[in-house]
Structures are given as structure tokens and as C-alpha cells.
Amino acid sequence: MGQNLALNIADHGYQISVYNRTYQKTEDFLNRNSYCSNLLGFESLQSFVGSLEKPRKIIIMVQAGTATDAVIESLLPHLDEQDIIIDGGNAKWTDTIRRESMLNKKNLCFVGSGVSGGEEGARFGPSLMAGGSKYAWEEIKEAWLAISAKVDPATGKPLEGALPGKPIDGGVPCAAYIGENGAGHYVKMVHNGIEYGDMQMICEAYHLMRDLLGMEANEIGETFSDWNQGELDSFLMNISADALQQKDPSKGGYLVDHVLDTAGQKGTGKWTSVNALDMGIPAPTVAEAVFARCMSAIKDERSYASSILLGPSEGSLPPIDKSKFLEAIRGALYCSKICSYAQGFQLMQAAAEEYRWDLNYGEIAQIWRGGCIIRAAFLQKITEAYEKDSSLANLLLDSYFKESLEQHQSEWREVVSKAVMHGIPIPTFSSALSYYDSYRSERLPQNLLQIQRDYFGAHTYERTDQKRGEFYHLDWLNPNRPEIKV
């Protein structure tokens, strides 16, 4: 990532210095890219820092956590006031807040910038989410806008075709100032949480096609390619279609059929879910996507359980019309995606209030349209929703998304029902549907839950016939059970 970002910066005409504590790696990097006359390597940290114009702008691309702190500490003796350190890793936003506060006390600036797009994005244009002081942003703004991905101003679709030494010319940059201190890294974390949801939803569609419809990997890939021409157009759908049609290089057949069904994770999805719980924001779809990876990890246990635990009897279930059910899966996937993004944006709204960030949700959707892993045509609709109403409480309330959910919800319910009847797990599809049904319910069963809490713990309750904010307790141990206003 760091090497590719350096080459991207060099391609845009900036002179860039690079340093790695293992100089051989720096030397190999320079030799592989000798055509870049504006790419300079240094053997010592002191000479590297000394090569930079003031105020210095130093990008750190190391593993998040203690490694970032160690690099910052090593830089401090060589810096001057107003120099800027930029952390481009997947740092936890609370660490970014802490680091900025510490460096500000030393009259230094710190930018926590989300960088999304993987290695290819870093090389030819990522989505960049910068958080920090306005001063620091103004110092890096020109470069950040230049090296970011670009989208067509009319359609919002990514502009492609960048080559080494030939970056994209024109277009709308996918980079922005998100807000103070940890705002950039927070928004990148939510982006990654949404990414977890997107990936799991596509996997659930694949699972239904494979196990319920008996489709081969290449046929599923072709179906995904077709879906990618419409409202489900996205980077993840595109690569999934391609991956499913990849032949296995050693055994024949399709590669996906020979890959073990255990998935790893780096933690940002978990951070999103934990933070949603801390904030009291319902984000069940992202959480279920994280839990799905956790469930996949206990492969041996699942293999043993599969030989003992029985599922439904297939013989008693009616046949499925393949073409109709494929359309239903497509609709269910789109509806689930809408709900997942709605949860992510609602979480960002809560964080903005908690940390006093002035987040521009339409702009966030805009810069996710290109470069990043969740780039999708769908994001143009989110941008338009917030342009119409910047204070929109939930994406589900926007007219476009409301109509889309109404159009596809019967298909969505059919898919969830059939999956349950056939014993196929679809945690994100089903949790997204429960989220939708809960959000549209004027009356939920938590009135009983609150009475339960009052019964065993005297936690009190509010009454429907009294003003909000007035609390009551029933004296359950008293034979007469009088109600007391607290």
C-alpha cells in the first residue's frame, strides 16, 4: 500500500521521499521504479526528514496500533513546529484523537486519513477521508485531491484507465476533509463495516444459488455479471462475478469450489459493531456479517455438527421456479444493501453528535463512488438523498429508497422464507429485513420487556397516556401493587 501510494504521488508530479527502516527494501523499490526521477530514497530517518520542505508532510503507512506510535516517537526529534504527520493506516479513531491531542501539545499537526481501495486503489486513485485540523487539510488538500480516484461528474461512475506515469485527467476527486481529529478514521471504519455487510450479502446470494438452485460457480458468476449492469453495479459484485468464473489452476473445475470456507478479518468490522452497541444505534446487519466470519472460522466444529444436527426434510417442500427465484434474490440483495447502508449512515450521525463533528453525509457518499472497495452506482442515490435533505434521519425515509423497498419487499420476504424453510443461513438478508420491519413498526414488544425490567430490578417505565420523560414503578412485592411516580 505504502509503495503504491508513493508511486501515485510521484505520477502526479510531486517530488516524494521514501524511507523504510530496512534500507534494502527501499533500494529494491527504487530500482524497480527507476523511471520515476522524482522518487528519492533515504537510508537514515534523519536524512529522510531533512529532505522535506517545511512544513513537512510525512505519510505513515504501517500496521495500526503500537507500530504507528513507535514511528511517531522516532520522528519527533527531527520535526519542527507545524510539521504534519499523516497516518494512512486503518487506525482506530480513538487512537487518532489521542495522537492528534499529543502532537498538538508539541505544536505539530496530525491527520488521520482513511485510505480505501486496496493496493490498486493506492496506486491509481483511492478514496481519501481526511480528519484533523483545517490548517493541516489546507496543506495537503492539493495533493490529496490530485492522487484520489476520479468519477464522471454527470454519472458518478469511476473514471478508469490510469497507467503508471499516466494518471486520470479530469473528473470529480474522491477525497474530502471529513472533520476534526478522528473523523476521517471513524468514517473509514464505518466504510469497512459496510464493506463487511456487502461482501456477506453477496456470499448469501451465492449460497442460495449454489445450494438451493443447484447452480455451478460459472453460472452464478454470469448471473452476477448481468446484475452488475443494473442497480447492483459495484466493485464487489464485479470482482465476485470474475472470481466465480476463475478456473482452478491445479485441479480443474472452478477455484471457488476448492477454497476452504473460513474467512479472516482485521478488526474494523468488529470495531463498527462494538461502537454501534456503545452508541445505542441498531446496526444488526454489519454485526451479523462479522458473526458470519466468526462462524466460518470454527470449521472443524461445524463439520462435526453437520453429521449430527438435522435440518428440514427437503422432500416435503414445494419446487422452486429458478428464473423467478433468481429475480427474488436480486431484489432481496438490493433491499438488504439499502438497510445496511442506512445503518452505517445512522451510526455516523450518532458519532457526529457524540464527537461534535460536522459531517457532510452527501459528500461522504460522493467520495465513496470511486477508488474504494464499496464503490457502487448505488452511492449516487445516497448522494442525491442527502442533497435533497441534509438532515435526513434515515436513508429508508428517502423517496427513492422507500420506493425501492416497496418494489422488492415481497421478493425479499420470499427469499428469507424459503431460505429458512430449506435450512440455508442468510444472516444479513434476514437481519436487514428485521431491521426494516422494526424501523417501520410504530409499536414494538419492548413494553413487555420494560415491565420485566421493572419487575426484577425496579428499572421503571414510561406510560403511553402520560408525557415522555415521566417514569413510573409498580411495587411488585406489595400485595396491592400500587404504582408510584418516580
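Colleague: Teacher, can you tell me more about the overall build of the protein chain here?
Modeller: Counting secondary structure elements, the protein chain contains 19 helices and eleven strands. In terms of overall dimensions, the protein chain is globule-like: its C-alpha atoms have a radius of gyration of 26 Å, near the 23 Å expected for 486 residues. In terms of its C-alpha atoms, the protein chain occupies a principal-axis envelope of roughly 80 × 65 × 50 Å. Put simply, the protein chain has 486 residues, and 48% of those count as buried. Taking the contacts inside the protein chain whose residues are at least 6 apart along the sequence as the reference set, 66% of them involve residues at least 24 apart. Of the roughly 24300 Å² that the protein chain leaves accessible, carbon and sulfur atoms contribute 51%.

Colleague: What is the right way to look at the packing of aromatic side chains in this model?
Modeller: One pair of aromatic rings is described through two measures. These are the centre distance and the angle between the planes. Across all of its chains, the model carries 17 aromatic pairs by this definition. Connected via pairs of aromatic rings, a cluster forms that spans Tyr334, Tyr341, Phe378, Tyr400 and Phe401. Sitting over the face of the ring of tyrosine 196, arginine 293 holds its NZ or CZ atom 3.7 Å from the ring centroid. Geometry around tyrosine 400 places lysine 381 over its ring, the cationic atom sitting 4.8 Å from the centre.

Colleague: It is not clear to me how the side chain of serine 148 should be interpreted in this structure. Could you clarify?
Modeller: Its location among the elements puts serine 148 in the loop between helix 7 (134-147) and strand 7 (150-151). Polar side-chain contacts of serine 148 include one of 3.2 Å to the backbone nitrogen of cysteine 174. Contacts of serine 148, omitting those with residues within four sequence positions, involve Gly125, Pro126, Leu128, Pro173, Cys174 and Ala175.

Colleague: Got a minute to help me understand the packing of helix 14 (residues 322-355) against helix 16 (residues 378-388) in this structure?
Modeller: Between two packed helices, both the angle of their axes relative to each other and the distance between the axes serve to describe the pair. For the pair helix 14 and helix 16, the least separation of the axes is 12 Å and the interaxial angle reads 45°. Accordingly, the angle class assigned to the pair helix 14 and helix 16 is oblique. In this structure, the crossing between helix 14 and helix 16 has a hand that is right-handed. Contacts between helix 14 and helix 16 pair Tyr334, Lys337, Ile338, Tyr341, Phe345 and Gln349 from the former with Phe378, Leu379, Ile382 and Tyr386 from the latter. Residues that form the contact of helix 14 with helix 16 fall into these classes: eight nonpolar, one polar and one charged.

Colleague: It is not clear to me how the sheet that holds strand 6 (residues 127-131) should be interpreted in this structure. Could you clarify?
Modeller: The strands making up a sheet associate through backbone hydrogen bonding, with each pair oriented either parallel or antiparallel. Taken together, the five strands give an open sheet; going across it, the order is 3-4-5-6-9, and neighbouring strands pair in mixed fashion. Each edge of the open sheet is held by one strand with a lone partner, namely strand 3 (57-60) and strand 9 (175-179). Strand-to-strand twist in this sheet, taken as the mean axis angle between neighbours without regard to direction, amounts to 25°. Inspection of the sheet shows strand 6 paired to strand 9 by four bridges, in the parallel sense. Among the inter-strand pairings, methionine 129 is bridged to a residue of strand 9, identified as alanine 176. Taken strand by strand, helix 5 (residues 93-104) contacts strand 4 (84-87) and strand 5 (109-116), and its axis lies near 150° from that of strand 5. Along the sheet, helix 8 (residues 183-212) contacts strand 4, strand 5, strand 6 and strand 9; its crossing angle with strand 5, the most-contacted strand, is approximately 20°.

Colleague: Looking at this structure, how should I read the pairing of strand 4?
Modeller: Side chains on a regular strand alternate between the two faces of the sheet. Both faces of strand 4 are covered, namely the face carrying Ile84 and Ile86 and the face carrying Ile85 and Asp87. One ladder, built from four bridges, connects strand 3 with strand 4; its direction is parallel. Counterpart to isoleucine 60 in the pairing with strand 4 is aspartate 87. In terms of strand pairing, strand 4 meets strand 5 through four bridges, oriented parallel. Counted as the bridge partner of isoleucine 85 is phenylalanine 110 from strand 5. Assessed by its sense of winding, the connection that carries the chain from strand 4 through helix 5 to strand 5 is right-handed.

Colleague: What should I look at first to understand the pattern of salt bridges in this one?
Modeller: Two side chains of opposite charge can pair, provided their charged atoms sit close to one another. Applying the stated rule across the entire model yields 28 salt bridges. A salt bridge links lysine 57 to glutamate 139; the nearest nitrogen and oxygen atoms lie 3.7 Å apart. Note that lysine 57 is positioned in strand 3 and glutamate 139 in helix 7, a separation of 82 residues in sequence. Take lysine 57: its relative accessible area is 35%, and that puts it in the partly exposed class. For arginine 463, the salt bridge is made with aspartate 465, and the minimal N-O distance between the two is 2.9 Å.

Colleague: What am I meant to see in the environment of arginine 468 here?
Modeller: Note that arginine 468 resides in the loop between helix 19 (446-457) and strand 10 (472-474). Under the relative-accessibility criterion, arginine 468 is labelled exposed at 74%. Side-chain polar atoms of arginine 468 contact the side chain of glutamate 462, separated by 2.9 Å.

Colleague: Is there a simple way to think about unusual backbone geometry in this case?
Modeller: Generally, phi is negative for residues other than glycine and the peptide bonds are trans, each holding for most cases. The step from lysine 54 to proline 55 runs through a cis peptide bond, and the omega angle for that step is -10°. Within the fold, proline 55 resides in the loop between helix 3 (45-50) and strand 3. Look at arginine 356: it is not a glycine, yet its phi comes out positive at around 60°. By secondary structure assignment, the location of arginine 356 is in the loop between helix 14 and helix 15 (361-367). For threonine 460, which is not glycine, the phi torsion reads 70° and is therefore positive.

Colleague: Looking at this structure, I do not really get the pairing of strand 6. What am I missing?
Modeller: With five of five residues buried, strand 6 is to be regarded as a mostly interior element. The two faces of strand 6 match: Ser127, Met129 and Gly131 on one face and Leu128 and Ala130 on the other face are all buried. Taken together, the five bridges between strand 5 and strand 6 define a ladder with antiparallel strand orientation. Following the sheet pairing, serine 113 is matched in strand 6 by alanine 130.

Criteria and cut-off values
- Residues numbered from 1 in each chain as written.
- Predicted model: local features only at pLDDT ≥ 70, side-chain atom pairs only at ≥ 80, totals over all residues.
- Heavy atoms only, no water.
- Helix = DSSP H or I, 4+ residues; strand = E, 2+ residues; numbered from the N terminus.
- Rg over C-alpha atoms; globule rule 2.2 N^0.38 Å.
- Buried < 20%, exposed > 50% of the residue type's maximum accessible area, 1.4 Å probe, protein only.
- Contact = heavy atoms within 4.5 Å.
- Areas by Shrake-Rupley, 256 points an atom, 1.4 Å probe, with all protein chains shown as cover.
- Phe/Tyr/Trp six-rings, centres within 6.5 Å; stacked < 30°, edge-to-face > 60°.
- Lys NZ or Arg CZ within 6 Å of the ring centre and 35° of its normal.
- Polar contact = N/O pair within 3.5 Å; in protein donor to acceptor, adjacent residues only side chain to side chain.
- Axes fitted to C-alpha atoms, helices over the stretch in contact; angles between N-to-C directions.
- Parallel < 35°, antiparallel > 145°, perpendicular 65-115°, else oblique.
- Left-handed = near helix turned anticlockwise from the far one by under 90°.
- Nonpolar A, V, L, I, M, F, W, Y, C, P; charged D, E, K, R; others polar.
- Pairing = 2+ DSSP bridges.
- Right-handed = clockwise from strand over helix to strand, strands pointing away.
- Salt bridge = Lys/Arg side-chain N within 4 Å of Asp/Glu carboxyl O.

None of the figures reported here should be taken as evidence of function without further support.
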